Amino acid sequence: VFTSEDPTVSKLQEDVVAQLSSIGLDPKEEVLVGCGYRIDAVVEVNGKTIGIEVDGPSHFIGRSKSPTGSTILKRRQVP
């Protein structure tokens, strides 16, 4: 999600974050990064910060495995 939009959290994202928590990680949700996007979750593992994107069905065209244009753009622009 780009900065100007209110973040929405899907059930899938909630489930992923719950699993991360259940294994002892402390995920931060909807973290704003410098390029203006929000990352679904960020965790720290062994001193490294790792961003996690949860790409559910709305990130793909129809029932295909082809990502939508906005998903492709975000993948290109988020380091």
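The preceding data block contains the structure.
Now for a quick tour of the structure. Per chain, the residues get numbers from 1 upward, laid out in the order the sequence is written. Totals for whole chains, interfaces and linings use all residues, but because this is a predicted model, local features are given only for residues with pLDDT of at least 70 and pairs of side-chain atoms are given and counted only at 80 or more. Excluded from the side-chain calculations are hydrogens and water; all other atoms, namely the structure's heavy atoms, are used.

Focus on the side chain of D40
For step 1, the next point in the chain: A run of H or I in DSSP becomes a helix once it reaches four residues, and a run of E becomes a strand once it reaches two; helices and strands are each numbered from the N terminus. Within the fold, D40 resides in strand 2 (residues 38-45).
For step 2, the next point in the chain: One buried charged residue, D40, forms no salt bridge at all, with the nearest opposite charge on K74 at 4.8 Å.
For step 3, the next point in the chain: Residue contacts are counted whenever heavy atoms from the two residues lie within 4.5 Å of one another. The residues contacting D40, other than those within four sequence positions of it, are Q13, K28, E29, E30, I52, E53 and V54. Partly exposed describes any residue whose relative accessible area lies between the buried limit of under 20% and the exposed limit of over 50%, with all areas from a 1.4 Å probe on protein chains only and scaled to the type maximum. Here Asp and Glu are counted as negative and Lys and Arg as positive; His is not counted, and neither are the chain ends. The working definition used for a salt bridge is a side-chain nitrogen of Lys or Arg within 4 Å of a carboxyl oxygen of Asp or Glu.

What to know about the nonpolar core
In a soluble, globular protein the nonpolar side chains are often hidden away together inside.
For step 1, the next point in the chain: What we call a nonpolar core is a set of buried Ala, Val, Leu, Ile, Met, Phe, Trp, Tyr and Cys residues that are connected through their side-chain atoms within 4.5 Å. Listed in full, the 6 residues of the largest apolar core are V17, L20, A41, V43, I52 and V54.
For step 2, the next point in the chain: Elements that contribute at least two residues to this core include exactly helix 1 (11-22) and strand 2.
For step 3, the next point in the chain: Contact partners of V17, with chain neighbours within four places excluded, come to P27, E29 and A41.

Concerning the environment of S70
For step 1, the next point in the chain: Within the secondary structure layout, S70 lies in helix 2 (residues 69-77).
For step 2, the next point in the chain: Sequence separation of S70 and F60 is 10 residues, and the distance between their C-alpha atoms is 9.7 Å.

With respect to the sheet that holds strand 1 (residues 28-32)
For step 1, the next point in the chain: If you trace the 3 strands from one edge of the open sheet to the other, you get 1-2-3, paired in antiparallel fashion. Of all the strands in the sheet, the pair left with one neighbour each is strand 1 and strand 3 (48-52). Looking at each pair of strands side by side, their axes are set apart by 45° on average, direction ignored.
For step 2, the next point in the chain: In this sheet, strand 2 lies alongside strand 1 in antiparallel orientation, the contact comprising 4 bridges. Opposite L32, over in strand 2, you have R38 as the bridge partner. A pair of strands is labelled paired if DSSP reports no fewer than 2 bridges between them. Note on geometry: axes are lines fitted to C-alpha atoms, helical ones only across the stretch in contact, with angles between N-to-C directions running from 0 to 180 degrees.

A word on helix 1
For step 1, the next point in the chain: To estimate how far a helix should extend, the number of its residues minus one is multiplied by 1.5 Å. Its 12 residues place the ends of helix 1 16 Å apart at the C-alpha level, agreeing with the 16 Å of an ideal helix rising 1.5 Å per residue.
For step 2, the next point in the chain: Among the residues of helix 1, those classed as buried are Q13, V17 and L20. Seen end-on, helix 1 carries its buried residues on one side only, within an arc spanning 55°. Away from its buried face, by an angle of more than 90 degrees, helix 1 presents the exposed residues K11, Q19 and S22.
For step 3, the next point in the chain: Buried residues belonging to helix 1 abut strand 1, strand 2 and strand 3.
For step 4, the next point in the chain: The first or second residue beyond helix 1 is G24, which carries a positive phi of 95°. This arc is taken over the directions from the axis of the helix to the C-beta atoms.

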